[in-house]
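So you can see what is in the structure, the chains are spelled out below.
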Amino acid sequence: GEDVEQSLFLSVREGDSSVINCTYTDSSSTYLYWYKQEPGAGLQLLTYIFSNMDMKQDQRLTVLLNKKDKHLSLRIADTQTGDSAIYFCAERDTGGFKTIFGAGTRLFVKA
Amino acid sequence: GAVVSQHPSWVICKSGTSVKIECRSLDFQATTMFWYRQFPKQSLMLMATSNEGSKATYEQGVEKDKFLINHASLTLSTLTVTSAHPEDSSFYICSATRRSALSNEQFFGPGTRLTVL
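Keep in mind that what you see is a predicted model, and the values were worked out from it rather than measured.

Points about the side chain of A:Thr105
Residues and elements named next belong to chain A.
Here is step 1 of the chain: In this structure, Thr105 sits in strand E11 (residues 105-110).
Here is step 2 of the chain: The exposure class of Thr105 is buried, given its relative accessible area of 1%.
Here is step 3 of the chain: A polar contact of 2.5 Å, which involves the side chain of Thr105, links it to the backbone oxygen of Ser7.
Here is step 4 of the chain: Those residues within four positions of Thr105 in sequence are excluded, and the remaining contacts are Gln6, Ser7, Leu8, Phe9, Leu10, Ile20, Ala85, Ile86 and Tyr87.

Okay, here's the thing in structure tokens:
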């Protein structure tokens, strides 16, 4: 079945760039997402990318998609302490409704 | 726009009792609602998918008699945890899908933390 994998932890200094990586198995995924979850809260959609795109930029966020390697990354420029959270990579299946989540990457930002 | 609310935000109950969690789409009609469960420091696990007016589709391993889902309208879905036990303690998150020109956008509620004593 579909699977999404992420590294569990990332620690960066404030002001540096953060890069969170994700791999997925379903080559027919239509949409790929990045969500942010702060402690005790629900999920906030940060950005998404269509499978026919290679890159998407939205202010401090840059998403890169390598379809050949089934690799997705999220780069956060000028990382701030408020960016400390868990970041989930997710893919939407070909049916269009079921979203498969990775385990989440916990980002620690040191002041 | 596209706000999803959950009620209650947290609940503590005794073992053996039933707990109902509501999920509402406040400013849009949700074609589909999803219920997820999240254990501490783990990812979201899809429990079931529900469409208004039809029976929910449960994921493998999820007991439908224990986790009752009612999707009474296009803006409300409820999850009832029946005869709750301590192992049911978890963070339950719902999401709702709104059809748009670009994608089946999915919006998440803030979650409900259930603690069963």
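Structure shown, so let's carry the discussion forward.
Topic: the sheet that holds strand E1 (residues 4-6) of chain A
Residue and element names in this part refer to chain A.
Here is step 1 of the chain: One open sheet holds the five strands; their spatial order is E1-E3-E8-E7-E6, and the pairing between them is antiparallel. The sheet terminates laterally at E1 and strand E6 (55-58), the two strands that pair on one side only. Within the sheet, the average angular offset between the axes of one strand and its neighbour, ignoring direction, is 15°.
Here is step 2 of the chain: Across six bridges, strand E3 (residues 18-24) lies against strand E8 (residues 71-76) in antiparallel orientation. Within the sheet, the bridge partner assigned to Thr23 lies in E8 and is His71.

So, the sheet that holds strand E1 (residues 4-7) of chain B
All names here are of chain B.
Here is step 1 of the chain: Spatially, the four strands line up as an open sheet ordered E1-E3-E8-E7, and their pairing is antiparallel. Looking at the sheet topology across the chains shown, the edges are occupied by E1 and strand E7 (67-73). Neighbouring strand axes in the sheet, compared pairwise and without regard to direction, differ in orientation by 15° on average.
Here is step 2 of the chain: Where strand E3 (residues 19-25) meets strand E8 (residues 76-81), six bridges bridge the pair, whose relative direction is antiparallel. Across the sheet, Glu22 pairs through a bridge with Thr78, a residue of E8.

Looking at the nonpolar core
Here is step 1 of the chain: Counting 25 residues, the largest nonpolar core has B:Val4, B:Phe28, B:Trp35, B:Leu79, B:Tyr92 and B:Leu114 as the members making the most contacts within it.
Here is step 2 of the chain: Put simply, the parts of the chain that give this core at least two residues each are strand E2 (10-13), E3, strand E4 (32-38), strand E5 (44-51), E7, E8, strand E9 (90-99) and strand E11 (112-116) of chain B.
Here is step 3 of the chain: Not counting residues up to four positions away in its chain, the partners in contact with B:Leu114 are B:Val11, B:Cys13, B:Val19, B:Val81, B:Asp88, B:Ser89, B:Ser90 and B:Tyr92.
Here is step 4 of the chain: With 21 residues, the next largest nonpolar core counts A:Val12, A:Cys22, A:Leu32 and A:Leu65 among its residues.

Topic: the pairing of E3(B)
Looking down a regular strand, the side chains alternate between one sheet face and the other.
All names here are of chain B.
Here is step 1 of the chain: Judged by which residues are buried, E3 turns out to be one-sided: Val19, Ile21, Cys23 and Ser25 face inward and are buried, whereas Lys20, Glu22 and Arg24, on the alternate face, are not.
Here is step 2 of the chain: The pairing of E1 with E3 spans four bridges and is classified as antiparallel. Each bridged residue has a counterpart across the sheet, and for Gln6 the counterpart in E3 is Cys23.

Overview of the pattern of salt bridges
Residue and element names in this part refer to chain A.
Here is step 1 of the chain: Using the criterion set out here, one finds six salt bridges over all chains in the structure.
Here is step 2 of the chain: Among the ionic pairs, Lys67 bridges to Asp54, the shortest N-O distance being 3.1 Å. Residue Lys67 is found in the loop between strand E7 (61-66) and E8, and its partner Asp54 is found in the loop between strand E5 (43-50) and E6; the two are separated by 13 residues along the sequence.
Here is step 3 of the chain: Across the salt bridge formed by Asp69 and Lys68, the nearest N and O atoms sit 3.8 Å from each other.
Here is step 4 of the chain: Overall, the relative accessible area of 47% leaves Asp69 in the partly exposed class.

Overview of the layout of surface pockets
Taking a probe equal in size to a water molecule and rolling it over the atoms shows the remaining empty space.
Here is step 1 of the chain: Of the pockets and cavities examined, the largest pocket occupies roughly 360 Å³.
Here is step 2 of the chain: As for the largest pocket, its lining consists of 16 residues, of which B:Met45, B:Leu46, B:Met47, B:Glu59 and B:Gln60 are closest to the centre.
Here is step 3 of the chain: Among the secondary structure elements, those contributing two or more residues to the lining of the largest pocket are strand E10 (99-101) of chain A together with E5 of chain B.
Here is step 4 of the chain: Counting residues per element, the lining of the largest pocket draws most heavily on E5(B), which supplies four residues.
Here is step 5 of the chain: Class assignment of the residues belonging to the lining of the largest pocket gives a composition of nine nonpolar, three polar and four charged.

Analysis parameters
Residues numbered from 1 in each chain as written. Chains lettered and ligands numbered in written order. Predicted model: local features only at pLDDT ≥ 70, side-chain atom pairs only at ≥ 80, totals over all residues. Heavy atoms only, no water. Helix = DSSP H or I, 4+ residues; strand = E, 2+ residues; numbered from the N terminus. Buried < 20%, exposed > 50% of the residue type's maximum accessible area, 1.4 Å probe, protein only. Polar contact = N/O pair within 3.5 Å; in protein donor to acceptor, adjacent residues only side chain to side chain. Contact = heavy atoms within 4.5 Å. Pairing = 2+ DSSP bridges. Axes fitted to C-alpha atoms, helices over the stretch in contact; angles between N-to-C directions. Core = buried A, V, L, I, M, F, W, Y, C linked by side-chain atoms within 4.5 Å. Salt bridge = Lys/Arg side-chain N within 4 Å of Asp/Glu carboxyl O. 1 Å grid on protein atoms, 1.4 Å probe; cavity = no way out; pocket = protein on both sides within 12 Å on 5 of 7 lines; lining within 4 Å. Points joined across faces, edges and corners; volume = space filled by probe spheres on them. Nonpolar A, V, L, I, M, F, W, Y, C, P; charged D, E, K, R; others polar.

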